[in-house]
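# Observations on the three-dimensional arrangement
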Amino acid sequence: MSLGKLGRRIIMFFFCVLLVSNGYSADRFISIEGKNGKCLDAEVMSFPSDDSLKIRTREGKFFTIKIDNIKKPSISDLAAHVGYVGASYFFGQNGYFKDRRKARSFLRFAHKHGDVSSSYIYGVLEGNYGNRYEAFYAFREAARHDHVEAQNALGECFLYGRGCDKSYEKALKWFLRAEHGGSAWASFNLAEMMLSNGRDALFLEYLMRAAERFAAAGNRDGLALTAQKAEDAGCASLAGKIL
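One structure accompanies this document, and this report is about it.

The rules behind these values
Residues numbered from 1 in each chain as written. Predicted model: local features only at pLDDT ≥ 70, side-chain atom pairs only at ≥ 80, totals over all residues. Heavy atoms only, no water. Helix = DSSP H or I, 4+ residues; strand = E, 2+ residues; numbered from the N terminus. Buried < 20%, exposed > 50% of the residue type's maximum accessible area, 1.4 Å probe, protein only. Contact = heavy atoms within 4.5 Å. Polar contact = N/O pair within 3.5 Å; in protein donor to acceptor, adjacent residues only side chain to side chain.

Moving on to the environment of S183. The residue S183 is located in the loop between α7 (168-180) and α8 (184-196) in this model. Classification of S183 by relative accessible area gives buried; the value is 1%. In this structure, the C-alpha to C-alpha distance between S183 and V148, residues 35 residues apart in sequence, is 6.5 Å. Discounting residues that sit within four places of it in the chain, S183 has contacts with V148, E149, N152, A178 and R213. Of note is the side chain of S183, whose polar atom sits 3.2 Å from the side chain of E149.

Here you go:
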């Protein structure tokens, strides 16, 4: 793996950490109300199928319930909670030990039931396992719901043919959408595309925008890669300004 790809992977993981700490309760338990009127405080343990949950109550009792029999929370809130737990297993935070197997199971369920942030993180996880097709479909789902970093990841899939046919036009489309949404990595990727096509003015424009965004986010690894790209392109003075 090149230094550039390693840097991007590190930054992608850091971004995921920010996502999973944004607004969710750290409590393992969630209040579940059945359509029969019964309420339980329960911890989600596993997923016998895509439409059922195995849960454990605070009293230590285990039940398997169908999603169709749940009145509250809504499916979207349940998916968000499950995604939070999955990401916590993935990073080993919020009181959860790191467990890739459980992370994969929880994130897959949340992805399948429409939690956009979970779709993105699940895509990252599947990509790390080498499951490019699964990663592509997860990124595509999140990108279609305006997840900026998923849009950039989808652009990379099309650019390099990861889980899909290569398409310069589709890569450009998704990079532009992500760049418009504020993604520094999309700006960086667009700079690379412009450089490879001899469009020097646009290369410099996007590279400077990437540097500004990395600087605003305090992302030193991103700044270092941007400066290296400028130096490789024969713009040593620009590299010095970026750093």
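Attention shifts here to unusual backbone geometry. Following K72, the chain continues into P73 via a peptide bond in cis, with omega recorded as 0°. Structurally, P73 can be placed in the loop between β5 (70-72) and α2 (75-91). Backbone geometry at N94 places phi at a positive 60°, although glycine is not the residue there. With a phi angle near 70°, D146 is a residue other than glycine that sits in the positive phi range. Topologically, D146 is positioned in the loop between α5 (132-144) and α6 (148-160).

Moving on, we get to the side chain of E179. Inspection of the secondary structure puts E179 in helix α7. Within polar-contact distance, the side chain of E179 engages the side chain of S187 at 3.0 Å. Within the structure, the side chain of E179 is placed 2.8 Å from the side chain of R209, a separation counted as a polar contact.

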